Amino acid sequence: MLNASQVATLLQLQAAMNDRVDPNWIEARYPYLRAVVIEAAEAIEHHGWKWWKQQHKDSAQLQMELVDIWHFLLSEILLRCGGDQTKAAAYVESQHTSQRTATSLGFDGQDYDTDRLSLLELIQLLIGTAAAGRIELGLFASILAKSELSWSELYRQYVSKNVLNFFRQDHGYQEGTYEKMWGGREDNEILVDAMRALDPLDAEFKDKLYASLQASYTAAFTRP
């Protein structure tokens, strides 16, 4: 479970990123839950779901998609609170407390026992609830558990992905000039490697991670 300080930090970082993308993001009312739907579908792809061919679950990339989903859930919560981070923190903490032990979820006229559902079924249910405009933190917590991703690890990966998102913005992401493939590898994969090589408790973790990404990016696009 996240503590109050972590929740406040997450909301602060997410609000800063939203401001970077569009200072008028609250008035724009972007469809953040639609983004949850798309990211959840990508998580299913990383898990593997095709019964007609052999597939292998990529746990690291699946977890990274869950981190992306968390970005958009936080954005939706902030949006519904009018950008007020104090109200958003209170909402997250109350939902976190009330839903963390819940195993039953009602949706579309059915009651779902989340303990009995597989990871794929849980992600599919998240897609349905998000498409219906619902924020289900309890369901998201169940997905984290079955993905072997703790809240503390989610926090660490979120901060790391926040660094990547700022890196993307600094290198032309919004203008359409940013390259996500670096020497044949997606930037998310390079982020995972860089993150593992650093200590997340280091006070300079964010700065060192950004510097590592910069070095890899420069190397990938520098002609010999």
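In this text the structure is predicted, and so the values were computed from the model without any measurement. (Residues numbered from 1 in each chain as written. Predicted model: local features only at pLDDT ≥ 70, side-chain atom pairs only at ≥ 80, totals over all residues. Heavy atoms only, no water.)

*Asks:* What am I meant to see in unusual backbone geometry here?
*Replies:* Glycine aside, residues mostly have negative phi, and peptide bonds are mostly found in the trans state. Despite not being glycine, Asp108 shows a phi value in the positive range, around 55 degrees. Along the chain, the position of Asp108 falls in the loop between strand E1 (104-107) and strand E2 (110-113). What makes Asp108 exposed here is its relative accessible area of 64%. Its identity is not glycine, yet Glu148 carries a phi of approximately 55 degrees, on the positive side. Mapped onto the elements, Glu148 comes out in the loop between helix H7 (137-146) and helix H8 (151-170). (Helix = DSSP H or I, 4+ residues; strand = E, 2+ residues; numbered from the N terminus. Buried < 20%, exposed > 50% of the residue type's maximum accessible area, 1.4 Å probe, protein only.)

*Asks:* Please clarify how the nonpolar core should be interpreted in this entry.
*Replies:* Burial of nonpolar side chains together is a common tendency in soluble globular proteins. Core analysis: the biggest nonpolar cluster contains 64 residues, and Trp70 and Leu73 have the highest contact counts within it. Here the element with the most residues in this core is helix H4 (residues 59-80); it accounts for 11 residues. The residues touching Leu73, leaving out its near neighbours within four places in the chain, are Leu33, Val36, Ile135, Leu137 and Phe140. (Core = buried A, V, L, I, M, F, W, Y, C linked by side-chain atoms within 4.5 Å. Contact = heavy atoms within 4.5 Å.)

*Asks:* Looking at this structure, I do not really get H4. What am I missing?
*Replies:* The periodicity of an α-helix, 3.6 residues per turn, causes residues three or four places apart in sequence to face the same way. For H4, with 22 residues, the first-to-last C-alpha span of 32 Å sits near the 32 Å given by 1.5 Å per residue. For H4, a buried count of 18 out of 22 residues is recorded, marking the element as mostly surrounded by other parts of the structure. A positive phi of about 65 degrees marks Gly82, the residue just after H4. (Expected span 1.5 Å × (residues − 1).)

*Asks:* I keep staring at the pairing of E1 and nothing clicks. Help me out?
*Replies:* Look at any regular strand and the pattern is simple: side chains alternate between the two faces of the sheet. Residues Leu105 and Phe107 of E1 are buried on one face, while the alternating residues Ser104 and Gly106, pointing to the opposite face, are not. Across four bridges, the pairing between E1 and E2 is antiparallel. In the strand pairing of E2, Ser104 is matched with Asp113. In textbook terms, the turn of a hairpin is the stretch between consecutive antiparallel strands, and for E1 and E2 this stretch comprises two residues, one of which, Asp108, has a positive phi near 55 degrees. (Pairing = 2+ DSSP bridges.)

*Asks:* Is there a simple way to think about helix H1 (residues 4-21) in this case?
*Replies:* With 18 residues, H1 ought to run about 26 Å at 1.5 Å a step, and its terminal C-alpha atoms sit 26 Å apart, in line with that. Looking only at H1, the buried set comprises Gln6, Val7, Leu10, Leu11, Leu13, Gln14, Ala15, Met17 and Asn18.

*Asks:* Where do I start with the packing of aromatic side chains in this structure?
*Replies:* Two aromatic rings, taken as a pair, are described by how far apart their centres are and by the angle between their planes. Per the stated rule, a full pass over the model turns up 15 aromatic pairs. Arranged with centres 4.8 Å apart and planes meeting at 55 degrees, the rings of Tyr217 and Phe221 form a pair that is tilted. Residue Tyr217 and its partner Phe221 are located together in helix H10 (residues 205-221), separated by four residues, close to a single helical turn. Residue Phe221 is classed as partly exposed on the basis of its relative accessible area of 39%. (Phe/Tyr/Trp six-rings, centres within 6.5 Å; stacked < 30°, edge-to-face > 60°.)

*Asks:* Sorry, what's going on with the environment of Trp25 here?
*Replies:* Relative to the helices and strands, Trp25 is located in helix H2 (residues 25-28). By relative accessible area, Trp25 is classed as buried at 3%. Linking Trp25 and Asp115, residues 90 residues apart in sequence, is a C-alpha distance of 36 Å. Not counting chain neighbours up to four residues away, the residues in contact with Trp25 comprise Ala15, Asn18, Asp19, Tyr30, Tyr32, Ser75, Leu78 and Leu79.

*Asks:* Would you mind going over the packing of H8 against H10 with me for this structure?
*Replies:* A pair of packed helices is characterised by two quantities: the angle between their axes and the separation of those axes. Contact pair H8 / H10: the axes reach a minimum separation of 10 Å and the direction vectors enclose 50 degrees. Compared by their axis directions, H8 and H10 come out oblique. Regarding H8 and H10, the two cross each other, and that crossing is right-handed. Side by side, H8 and H10 meet where Val159, Ser160, Asn162, Val163, Leu164, Phe166, Phe167 and Asp170 of the first sit next to Phe205, Lys206, Leu209, Tyr210, Leu213, Gln214 and Tyr217 of the second. Of the residues contributing to the contact of H8 with H10, the split by class is 10 nonpolar, three polar and two charged. (Axes fitted to C-alpha atoms, helices over the stretch in contact; angles between N-to-C directions. Parallel < 35°, antiparallel > 145°, perpendicular 65-115°, else oblique. Left-handed = near helix turned anticlockwise from the far one by under 90°. Nonpolar A, V, L, I, M, F, W, Y, C, P; charged D, E, K, R; others polar.)

*Asks:* In this structure, what is going on with the pattern of salt bridges? I would like to understand it.
*Replies:* One side chain can pair with another of opposite charge once the charged atoms of both are near each other. Considering all chains together, one arrives at nine salt bridges under this definition. The partner of Arg80 in a salt bridge is Glu76, with the nearest N and O atoms 2.7 Å apart. In this pair, Arg80 and Glu76 both sit in helix H4, four residues apart, roughly one turn of the helix. Relative accessible area serves as the criterion here: at 45%, Arg80 is assigned to the partly exposed category. With a shortest N-O distance of 3.8 Å, Glu186 and Lys180 are connected by a salt bridge. (Salt bridge = Lys/Arg side-chain N within 4 Å of Asp/Glu carboxyl O.)

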